[in-house]
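Chain by chain, the residues run as shown.
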Amino acid sequence: MRALIVVFSYHHKNTEAVARVIAKALGADVVAPKDVKPTDLAMYDLVGFGSGIYDAKHHPSVLQLADRLPEAKGKKAFIFSTCGLFAFAVSNRFIRSNHSALREKLLAKGYEVVGEFGCPGFNTNVFLRFFGGINRGRPNAADLERTKAFAEGLAHTRG
Ligand SMILES: Cc1cc2nc3c(=O)[nH]c(=O)nc-3n(C[C@H](O)[C@H](O)[C@H](O)COP(=O)(O)O)c2cc1C
């Protein structure tokens, strides 16, 4: 059973921290979108796609990779993200809404989306930096514990 995580993380490496926890739990390889050949994904039983949220979607490099993927009928995928909204407002509904664009693309390729995870991430975009940003220290230890639990749940869906 092989798992791969494709992650783009640049703002504060928030999503990379999440990806590393998932990778450890699944024994997965981690790669950036620019370093993966779309056809290589066929070698994996489970592929995770993640990034920070930019304009209410995943980063364009992840969305563009999804557009270039070959047909993947019956393959399993999961989606994850970190977002810069105030932590108290980060609901499952908000996370799923941010995931919509990527989810649609993966479903259109035939992937079965077996899980979705999101958590707050430190955000110093535009004017926020003048106030020290929001969600400083996120993802924190509790976020990463939830990440681990999510990944352990995924391990049961593999195969
Ligand atoms: C240009 C830009 C646009 C952003 N747009 C959103 C957004 O639409 N919604 C949101 O919740 N967070 C937004 N954020 C915050 C990031 O999603 C958040 O900080 C995320 O954790 C960054 O992940 P990374 O460190 O892995 O790149 C934005 C940040 C930047 C720099």
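Residues numbered from 1 in each chain as written. Predicted model: local features only at pLDDT ≥ 70, side-chain atom pairs only at ≥ 80, totals over all residues. Heavy atoms only, no water.

Trainee: Describe in detail the pairing of strand β5 (residues 76-83), supporting the description with residues and values.
Mentor: Among the 8 residues that make up β5, 8 are buried, leaving the element largely enclosed by the rest of the structure. Of the two faces of β5, the one carrying Lys-76, Phe-78, Phe-80 and Thr-82 and the one carrying Ala-77, Ile-79, Ser-81 and Cys-83 are both buried. The pairing of strand β3 (residues 46-54) with β5 spans 7 bridges and is parallel. The residue of β5 that forms the bridge with Leu-46 is Lys-76. A crossover links β5 with its parallel partner strand β6 (residues 112-120), the connecting element being helix α3 (residues 92-108), and its sense is right-handed. (Buried < 20%, exposed > 50% of the residue type's maximum accessible area, 1.4 Å probe, protein only. Helix = DSSP H or I, 4+ residues; strand = E, 2+ residues; numbered from the N terminus. Pairing = 2+ DSSP bridges. Right-handed = clockwise from strand over helix to strand, strands pointing away.)

Trainee: Can you tell me about the site of the ligand, naming the residues and giving the values?
Mentor: Ser-9, Thr-15, Ile-53, Tyr-54 and Thr-82 are the nearest of the 21 residues found near the ligand. One of the backbone nitrogen or oxygen atoms of Ala-56 is found 2.9 Å away from an oxygen atom of the ligand. Phe-122 has a polar backbone atom sitting 2.8 Å from an oxygen atom of the ligand. Burial of the ligand by the protein amounts to 86% of the accessible area it has alone, namely 650 Å². Here the ligand is seated within the largest pocket. Taken together, the elements giving at least two residues each to the shell around the ligand come down to α1 (14-26), β3 and β5. Counting residues per element, the shell around the ligand draws most heavily on β3, which supplies 3 residues. For the shell around the ligand, a count of residues per class yields 8 nonpolar, 11 polar and 2 charged. (Near = heavy atom within 4 Å. Polar contact = N/O pair within 3.5 Å; in protein donor to acceptor, adjacent residues only side chain to side chain. Areas by Shrake-Rupley, 256 points an atom, 1.4 Å probe, with all protein chains shown as cover. 1 Å grid on protein atoms, 1.4 Å probe; cavity = no way out; pocket = protein on both sides within 12 Å on 5 of 7 lines; lining within 4 Å. Sits in = over half its atoms within 2 Å of the grid points. Nonpolar A, V, L, I, M, F, W, Y, C, P; charged D, E, K, R; others polar.)

Trainee: Describe the layout of surface pockets, with residues and values.
Mentor: Its boundaries defined by the atoms lining it, the largest pocket holds a volume of some 400 Å³. Every residue lining the largest pocket is counted, 24 residues in all, and those nearest its centre are Ile-53, Tyr-54, Cys-83, Gly-84 and Asn-123. Of all the elements, β3 adds the most residues to the lining of the largest pocket, at 3 residues. Within this model, the second largest pocket holds a volume of roughly 160 Å³. If you trace the second largest pocket, you find it lined by Val-7, Phe-8, Ser-9, Lys-13, Glu-16, Arg-20, Val-30, Val-31, Ala-32, Pro-33, Lys-34 and Ser-61. Of all the elements in the fold, those that place two or more residues in the lining of the second largest pocket are β1 (3-8), α1 and β2 (29-31). (Points joined across faces, edges and corners; volume = space filled by probe spheres on them.)

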